[in-house]
Amino acid sequence: MASAPSWSGAAGGRPACVGLVAMAMSLGALSQPLQAQEGAAAAPPRPVTLHPDVPSLQAAAPAAVGDWARTFGYHRPGDGGAALYRIAAASPEAPADGGAVVAIGPDRVAVLEEGEAVNYRMFGARGDGQSDDGQAIRRAHDYANRRGLPVVNLSGEFWITETTGILIQTPVSWGATVFHIDERYNRRNAPRFVVRGRREAIVLTADEAVKAALLRDLRPGVQIIPELAPYAGHLFSVLDDKDRIGVRAGYAGNRGWAREELFYVEEEGRIIGDIAWAFKDFTAITATPCDDTYLVISGGGFRFSGDSPENSQPGYHQHGIAVQRSRTVIREQWMGLEEGRRDVSIEPRSGFYTLNRVYDVTLENIRAMPWEKSRPAPQTPVQHGTYGIGGARMLQCTFRNLTAEAGWVAWGVFGTNLNKDFRLERCRLNRVDVHFHCWNLDIVDCAIGFKGISVTGGGTLRIENTVRHGNAFVAFRPDYGAHWQGDIRLRGCTLKPNGTGPAAVLSLRPRDVDYAYPIGVARSIRIEDLRIDYSAVPGNTAPCWLLDLAPFSRISDAGERLFFPDRIVFRDIAVAGRAAGVRLFRAPAPEHYDPGRDGGCTPGGFEANSDILVERVQLEPLRPRQPGDADQAHLVIGRGSTPLEYAAERALHPRLRFVDCDDVVVALGGAIAAASFERCGINSITAAGLRGELSFSACRFRPDLAAAFEGDAFALDSSLGTRLTACTVQVPRVDGVPSPDRLDRLGFLQLNGAVRHGHLHTALGLDILEHCRAQGLRLTPEFLLRLQSSPQALEAAPAAPPP
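Residues numbered from 1 in each chain as written. Predicted model: local features only at pLDDT ≥ 70, side-chain atom pairs only at ≥ 80, totals over all residues. Heavy atoms only, no water.

A separate point is the overall build of the protein. Looking only at helices and strands, the protein features seven helices and 53 strands. Relative to its length of 803 residues, the protein is extended, with a C-alpha radius of gyration of 36 Å against a globular reference of 28 Å. For the C-alpha atoms alone, the extent of the protein along its principal axes is close to 130 × 60 × 45 Å. A fraction of 70% describes how many contacts in the protein between residues 6 or more apart in sequence connect residues 24 or more apart. Here the protein contributes 86 positive and 91 negative side-chain charges, whose respective centroids are spaced 2 Å apart. (Helix = DSSP H or I, 4+ residues; strand = E, 2+ residues; numbered from the N terminus. Rg over C-alpha atoms; globule rule 2.2 N^0.38 Å. Contact = heavy atoms within 4.5 Å. Lys, Arg positive; Asp, Glu negative; His and termini not counted. Charge placed at Lys NZ, Arg CZ, Asp CG, Glu CD.)

This is the structure:
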């Protein structure tokens, strides 16, 4: 081993740089660690020659093997490439590469001996805009990876043209460094940088004990599998390629995805990551060891040429950082196009950041790029989605304080698959997208732009204190079934429509095709403290639906029933920027929905399997044109006026409760339901053929109907009875104008005539009393008594169709 250095002038009598003596003296501290490393008695110190730069070192008289050399730059003094070298004999096992090993003669090399950190200038990076600095950058990281050193390159500009696959396995500090990426050389499956762990994945497909344990225990709700305890600290990927699910609608020949799960194993076999599926078999079981330290990559800016790739095959191209190492943190980065350039690529990008088979990865404090797709003619659009952040098989990945915004031409910044425990915090993004199988998604304190939130999957979808600029807050992807197998929670959010068409808070409209897995609305939905702000389009008069549902509840070919929430809560929802409020949803085919548990309606009472609460919701003023007008109703469950034939006891049997809402219009024709209304303004309720019950407490009945309306304003017959308590009846309106002549068409009472259903303290409004005085009509005591206390008459129960 070499002796510790001592300091002298340049070899061969060349003078040392006098102005650098202080720097040379400071390097004397290196001698002690070098001696300690040898673990032997102190040897006479070997000389250290000082050289302005690497060319000067190469031109100097060859030093003796074991001597040391110090440069004050690589290409020239002060260029940032100063380094310490050990002189060694040339060897085929360590050929000169111009960085870690520098040739200095026919039989001598200078071996880089940096022990704290390295930078790119030490390996010959020029940063002149003419050279491909990627090769020097690769040499720097290869050296750092071998020695376990960080790369600390805090300044400078570097150009990467053809270089790809630069491996990063140690911490990186880029500071104010700027990388210029020539996108003419983007390649498929060839990122510029690859962040990878040091241990290889373990294939366990043939391990019968592991396979048996997974087949026995891996299913929804599992928390621990003891047989996996030896694999604590591993990320598991299991799949059955013979069991295909998630067939993508609209793509001919698509076979869907293999049934697959991703989870992390902690001590004692504790499973991290909710499991969505049970399996019949496994065709692949892989355990990837996760590093036990966090690798941090911080700083840096990236500028792109925006070119279309040359000499490459069509398809998704990579141009950034592929993260394949768990416990990686990337932060404080900026990216954009070169000055004066625009994105003209006609090939899609898979993402500057692509994450694959990783656990616990964080990106934070980053300005990312959404790329152009929908270019107007005569420009050439990109034929497929193009992304700034992509990946698949991601578990517990967090994105914090990211910005990636643009207008209508740019596509989504996010495009991922198999993304579990996905979390966004304080981000401003033009799009959030998980094509196939998102499981547990948190979006908190964010602003989402024109391209929106587009997901399918399950678990818990929680969105809080977030603004969405567009006509749908969440658009569940119809190509993958537009479903969410779990709970949806929106709280404290704002939807800002920016188009002329209808809006929807949650759009869940699958196509009538077999997706090869269960689809439906959700397991539960809770939307609270929501503001819908039309200030950008105050002239928009199209409806705004809280839930935009498909008109069917069963897949025609497969016969599979759609699942339906067992609980829905709409509370404290207001509209600004226009007078019209919101509508709730339409479910015209309740007889095939599956809420997950039995319900029923018998003479002994009503048993609900779905509870729906509507409280303090600003509803759109509507004017029905006919009884049961589904086009002019806030809530539609059922259709027609005859009882529907229900598929099973698990079909939808909802309990509806409206509290403190005005202008309510509900159509329940032919359905099975129980509905109560408290302190509401009732415009029109039509429940012809209803099996169930209706109750009204402290409500105001004031219909506002279209001029063409024929028939009774209210159809309140129900098999278990209808009750009104402390309600007030007012003069009907036609197109907003009071029309006392319609008082005989209320449907449940006539002045001085019949009073239908059960009444307790029903009152006539002052407008009716004034009309009576003006007409000289004296209300009879018998009629008034019936309003005050009228026992509920047994109403004929609508007969269910024969099975």
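Following the structure, the description resumes.
Here the largest pocket defines a volume of roughly 930 Å³. Lining the largest pocket we find 39 residues, and of these R248, Y316, Y387, H435 and R477 sit closest to its centre. For the lining of the largest pocket, the secondary structure elements donating two or more residues are β20 (353-359), β22 (389-395), β24 (414-425), β25 (428-444), β26 (447-464) and β28 (472-475). (1 Å grid on protein atoms, 1.4 Å probe; cavity = no way out; pocket = protein on both sides within 12 Å on 5 of 7 lines; lining within 4 Å. Points joined across faces, edges and corners; volume = space filled by probe spheres on them.)

When you line up the elements, G753 lands in the loop between β50 (737-738) and β51 (758-760). When the C-alpha positions of G753 and T780 are compared, they lie 9.2 Å apart, and in sequence the two are 27 residues distant. Sequence-distant contacts of G753, that is, excluding residues within four places in its chain, are made with F783 and R786.

Our focus in this paragraph is the environment of P314. Tracing the backbone through its elements, the reader meets P314 in the loop between β17 (295-304) and β18 (321-324). Using a relative accessible area of 54% as the deciding quantity, one classes P314 as exposed. When the C-alpha positions of P314 and L546 are compared, they lie 41 Å apart, and in sequence the two are 232 residues distant. When neighbours within four sequence positions are excluded, P314 is seen to be in contact with R188 and E347. (Buried < 20%, exposed > 50% of the residue type's maximum accessible area, 1.4 Å probe, protein only.)

With that settled, consider the packing of aromatic side chains. If you walk through the whole model with that rule in mind, you get 35 aromatic pairs. When the ring of F179 is compared with that of F193, the centres are 5.8 Å apart and the planes differ by 75°; the resulting orientation is edge-to-face. Linking F179 in strand β10 (residues 172-181) with F193 in strand β11 (residues 193-196), this pair joins segments that are 14 residues apart in sequence. Summarising the burial analysis for this pair, F179 and F193 share the class buried. The lysine or arginine in question, R349, covers the ring of W371, its NZ or CZ lying 3.7 Å from the ring centre. Lying across the ring of W411, K373 places its NZ or CZ 4.8 Å from the centre. (Phe/Tyr/Trp six-rings, centres within 6.5 Å; stacked < 30°, edge-to-face > 60°. Lys NZ or Arg CZ within 6 Å of the ring centre and 35° of its normal.)

Close approach of charged atoms allows side chains with opposite charge to pair. Applying the stated criterion across every chain yields a total of 58 salt bridges. Where R325 meets D291, a salt bridge forms, and the shortest distance between an N and an O atom there is 3.5 Å. Residue R325 is found in the loop between β18 and β19 (328-337), and its partner D291 is found in the loop between β16 (284-289) and β17; the two are separated by 34 residues along the sequence. Judged by relative accessible area, which is 4%, R325 ranks as buried. Between R509 and D548 there is a salt bridge, and its shortest N-O distance comes to 3.1 Å. A residue pair is termed long-range when its members are at least 10 positions apart, and R509 in the loop between β31 (503-508) and β32 (524-533) and D548 in strand β33 (residues 544-549) qualify at 39 residues. R509 sits in the partly exposed class, given a relative accessible area of 36%. One connected set of salt bridges, linked through shared partners, spans E364, R400, R423, E425, D442, R462, E464 and R491. (Salt bridge = Lys/Arg side-chain N within 4 Å of Asp/Glu carboxyl O.)

Further remarks concern unusual backbone geometry. A cis amide bond, omega 10°, links A377 with the succeeding residue P378. Here P378 is to be found in the loop between β21 (362-367) and β22. Notably, R357 is not glycine yet its phi reads approximately 50°, a positive angle. Along the polypeptide, R357 turns up in strand β20. For R357, a relative accessible area of 34% corresponds to the partly exposed category.

Here we take up the pairing of strand β6 (residues 108-112). Taken residue by residue, a regular strand's side chains alternate between the two faces of the sheet. Of all five residues that make up β6, four are buried, and the element is covered over most of its length. Strand direction decides the pairing type here: strand β4 (residues 83-89) and β6, joined by five bridges, are antiparallel. Across the sheet, the residue bridging to A88 is V109, located in β6. Between strand β5 (residues 101-103) and β6, which pair antiparallel in sequence order, lie four residues. (Pairing = 2+ DSSP bridges.)

Sheet strands line up and pair through hydrogen bonds in the backbone, either parallel or antiparallel. Reading across from one edge, β35-β39-β41-β43-β45-β48-β52 is the order of the seven strands in this open sheet, with parallel pairing throughout. Only two strands of the sheet have a single partner each, and these edge strands are β35 (585-587) and β52 (763-764). Sheet topology places strand β43 (residues 681-686) next to strand β45 (residues 700-701); two bridges connect them, and they run parallel. Each residue of the ladder has a partner; that of G681, found in β45, is R700.

Evaluation of the coordinates by the stated rule reveals six cavities of 30 Å³ or more. Counted as a void, the largest cavity has a volume near 60 Å³. Lining the largest cavity, in full, are V513, D514, Y515, Y517, P518, I519, I555, E560, R561 and L562. A per-class count over the lining of the largest cavity returns seven nonpolar, no polar and three charged. (Nonpolar A, V, L, I, M, F, W, Y, C, P; charged D, E, K, R; others polar.)

Everything listed here is a matter of geometry and, on its own, says nothing about what the molecule does.
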